[in-house]
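# Observations on the model geometry
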Amino acid sequence: MEKLKIGSKQMVVSPHYLASLAGSIIMEKGGNAFDAAVAVSACLAVVYPHMTGLGGDAFWLMYHNGSGEIKGYNGSGRSGRKADRDQYKGERAIPVRGPRSAITVPGMVDSWAEILAAYGRLSLREVLKPAIMYAEKGFPVSPDQCQNTVKNAEWLSCMPITADIYLPGGKPPSPGERFVQKELARTLTLIAEKGRDTFYKGEIAQALAAYLQNNGGILNLEDFGLHRGEWVSPLSSTYRGYAIYQMPPNSQGFTGLMTLNILENYDFGMIEHGSFEYYHLLIEALKLSFSDCNKVLTDPEFSQIPLGRLLDKEYARELAAKIGLPALQAESRPLGSDTSYAAAVDEDGNAVSFIQSLYFEFGSGVTAGDTGVILQNRGAFFSLDPDHVNTLEPGKRTFHTLMPAMAFRGGKPKFLYGTQGQGGEGQPQTQTALITRMVDYGMDPQTAVHEPRWVWGRTWGERVEGVRIESRVAPEVIAKLRKHGHHVTVVGEFDGVMGHAGIIEIDDQGFLRGGSDPRSDGAAIGI
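This one's a predicted model, so the numbers in the text were calculated from it and none came from an experiment.

## Things to note about the pairing of strand β3 (residues 57-64)
Of all 8 residues that make up β3, 7 are buried, and the element is covered over most of its length. Summarising the sheet, β3 and strand β4 (residues 69-75) pair through 7 bridges and their orientation is antiparallel. The residue bridging Leu61 from the neighbouring strand is Gly72, located in β4. Hairpin connection between β3 and β4: a loop of 4 residues separates the two successive antiparallel strands, and Gly68 in this loop has a positive phi of roughly 75°.

## Notes on the sheet that holds strand β15 (residues 467-470)
Either a parallel or an antiparallel arrangement is found when strands of a sheet pair, and the pairing is made through backbone hydrogen bonds. Pairing is mixed across the open sheet formed by 3 strands, whose spatial order is β14-β15-β16. Unpaired on one side and paired on the other, β14 (454-456) and β16 (488-491) mark the two borders of the sheet. This sheet shows a mean twist of 20° between the axes of neighbouring strands, independent of strand direction. In terms of strand pairing, β14 meets β15 through 3 bridges, oriented antiparallel. Bridging across to β15, Trp456 finds its partner in Val467. Packing against the sheet, helix α18 (residues 475-483) makes contact with β15 and β16, and its axis sits at approximately 155° to β16.

## Some words on the layout of surface pockets
Leftover empty space is mapped by rolling, across the atoms, a probe with the size of a water molecule. Within this model, the second largest pocket holds a volume of roughly 280 Å³. Per element, the largest residue contribution to the lining of the second largest pocket is 3 residues, and it comes from strand β13 (residues 412-419). Classifying every residue of the lining of the second largest pocket by side-chain character gives 5 nonpolar, 4 polar and 9 charged.

## What to know about helix α2 (residues 33-47)
Relative to the 21 Å expected for 15 residues at 1.5 Å per residue, α2 spans 20 Å between its end C-alpha atoms, a close match to the ideal helical length. With 15 of its 15 residues buried, α2 lies for the most part within the structure. At the N-terminal boundary of α2, the capping side chain belongs to Asn32, with an oxygen 3.1 Å from the backbone nitrogen of Phe34.

## Concerning empty space enclosed by the protein
Taken as a whole and assessed by the stated rule, the structure comprises 3 cavities of 30 Å³ or more. When its volume is computed, the largest cavity comes out at roughly 80 Å³. As for the largest cavity, its lining consists of 13 residues, of which Ala45, Gly53, Tyr166, Gly372 and Ile374 are closest to the centre. Of the residues in the lining of the largest cavity, the class split is 8 nonpolar, 5 polar and no charged.

## Some details on the pattern of salt bridges
The full count for this structure, using the stated rule, is 31 salt bridges. With a closest N to O distance of 2.8 Å, Asp197 and Arg196 form a salt bridge. Accessibility expressed as a relative area gives 34% for Asp197, which makes it partly exposed. Taking the relative accessible area as the measure of exposure, Arg196 reaches 8% and is therefore buried. Between Glu505 and Arg513 there is a salt bridge, with the nearest N and O atoms lying 2.9 Å from each other. Residue classification places Glu505 among the buried positions, given a relative accessible area of 6%. A single network of salt bridges, built from pairs that share partners, joins Arg78, Glu230, Asp299, Glu301 and Arg397.

## Here's the deal with the side chain of Lys287
By the secondary structure assignment, Lys287 is in helix α13 (residues 276-296). Its relative accessible area of 6% is what places Lys287 among the buried residues. At 3.0 Å, the side chain of Lys287 and the side chain of Glu284 are in polar contact.

## What to know about the packing of aromatic side chains
Applying the stated criterion across every chain, the model contains 19 aromatic pairs. Ring centres 4.6 Å apart and planes at 25° place the aromatic pair Tyr359 and Phe360 in the stacked group. You'll find Tyr359 and Phe360 in the same group, each marked buried. Over the face of the ring belonging to Phe494 we find Arg472, whose NZ or CZ atom lies 3.7 Å from the ring centre.

So, how was this worked out
- Residues numbered from 1 in each chain as written.
- Predicted model: local features only at pLDDT ≥ 70, side-chain atom pairs only at ≥ 80, totals over all residues.
- Heavy atoms only, no water.
- Buried < 20%, exposed > 50% of the residue type's maximum accessible area, 1.4 Å probe, protein only.
- Helix = DSSP H or I, 4+ residues; strand = E, 2+ residues; numbered from the N terminus.
- Pairing = 2+ DSSP bridges.
- Axes fitted to C-alpha atoms, helices over the stretch in contact; angles between N-to-C directions.
- Contact = heavy atoms within 4.5 Å.
- 1 Å grid on protein atoms, 1.4 Å probe; cavity = no way out; pocket = protein on both sides within 12 Å on 5 of 7 lines; lining within 4 Å.
- Points joined across faces, edges and corners; volume = space filled by probe spheres on them.
- Nonpolar A, V, L, I, M, F, W, Y, C, P; charged D, E, K, R; others polar.
- Expected span 1.5 Å × (residues − 1).
- Polar contact = N/O pair within 3.5 Å; in protein donor to acceptor, adjacent residues only side chain to side chain.
- Salt bridge = Lys/Arg side-chain N within 4 Å of Asp/Glu carboxyl O.
- Phe/Tyr/Trp six-rings, centres within 6.5 Å; stacked < 30°, edge-to-face > 60°.
- Lys NZ or Arg CZ within 6 Å of the ring centre and 35° of its normal.

This is how it looks when you write it as C-alpha cells:
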C-alpha cells in the first residue's frame, strides 16, 4: 500500500500528480489554498482532459480561516434560453453526444475568477501558468487517459476536431507519450490575460457560440454572456460529533448527509469493517437516500426541495427502520462517470474541497472550433418528460452529481474528502465509505482510500446492474451478499470503476495527512 503522506505546512491531493504538484508550487510561491485550488483545477483541465475541462462545471466548498466563513460556490451552468423540450420533439431523450447535447453553459472558468477575487492572493495570470505550460509544451499521457481514450475511440473518431486532438495520428496515445494542446494553451493564455469575460462575452465566447450555432447547437452568445455562478451557504448535519458540510441543490450533496443520518442509528462498534454487515448496511442506507434524491433533485429555483424533512434526524430513524436482511429493491439511473476531485489546505488553515466535470468521458465530444475546449454534455441529464422534476426548461440548472465534502470538529476542518464517482451515484457511496472508515474505524486517509470499495448502480453505457465489488473483499462476504438479494459482480482488485478518491486530514497536532487513490494517476503532496 502507498504510504500516508504527512505535511506540516500544506497539502494538495488530486487525481493527477502533475496537478497536485502545480498546487503545491503555487503555495510555495506565496499563494494560499484558494490560489492553489484554482491552479489544480486548471491543470486537471489540461492533464486529465477526458475527465474535466474548461467546457465543464465545478463545485467548491471552502473554509477561510481568517473570517471563519464556510462558503460554497456553485459553478454549474444553466441551459440556454432556447433549450426547451420542443427542440427534441419525437425523441425519447436528449442526445448524449454531439452539439445538441451541449446545452448548458460551462461554469468552471467563472468560478476561478470568483474564488480568486474573494479569497486569493495571486492573479489569474499567475495561477494559470502551470496549466498553460502543460498545454503548450505537453505532458506525459497518463494510463487513465489512455484507457478512457481506447474505451471511447470508436465514437471519438467520428467527431471533427476532437479526433485530431485526442486520437493523434488516428489512434489513442500511449502511456508516457507527449500530449500537446496548442489551441487549449492559447485559450488559457487569453483567459489569463483578459480575464473570465473573454470566455463568456469576448473572443472565446464568440468562437464557442459560433461553432455551436453553425453545427446545429442550441447555446448562443447571449447564453454565455448571461452566465454567473452563485455563492451559496453549504448544507450541514452532524455525525458522531462531527459537523458534515455538503453543497446544496442542484448538487446531490444532501444524499451524503441523509445517509450518515441513517447510519448514525447503528453501533459500528458491533459491526466489523469489511464484513457482510458493513457492506449490506451502507448499501441499503444509500439506496434509501437515492430514492428520495431522485424524486426531488433539480434546480431549486424551479422546484421546492424539502430539505428540512429530508435532513431531519427523526426521518432518518424512520428510514433506518426499513433496513433488514433482504436487500431492498431499488432502481438506479445510468449517469455519467467523468469527474475530478481535489483538495488543498495551506499553512494558515484555509481549506478548499472541490470537484469538476464534463459529465461523460470527453463530455459532448464537441471541441468548438480552434478553442481546444471540449463542451460538457451535462444537460443530457435533463428529462423530456414534462412531469419529471428535472424536466428540461430554459435557463435551468440540471440535477448535478458533483458533491465535495468537509467534516469539521470543534469549529475547524478535520477532513476534506470526495471522489470521482462512477455513475454519479458512486460519489455518495464512496464518500460514505471514506468517512465511516475514518470516524468509526479510526483509519488514516491513505488506508481509507486503499481499502476495498463497491459501487451500486449503473454507469451510462454499462449493462451491469446491482453491486460491483472489488475482488479483495472476502469470498464469504460476497457469497453472503448474494444470498441476501444483492446482485454482485466481482471486479478487479483496484478497479477504476470505483472512481478516484482523495482525502486531506488535519490531525490533532496540526499536521496535514493526505490520502491519494491507487486507482488514479494522482498524488498527495505535502510539505
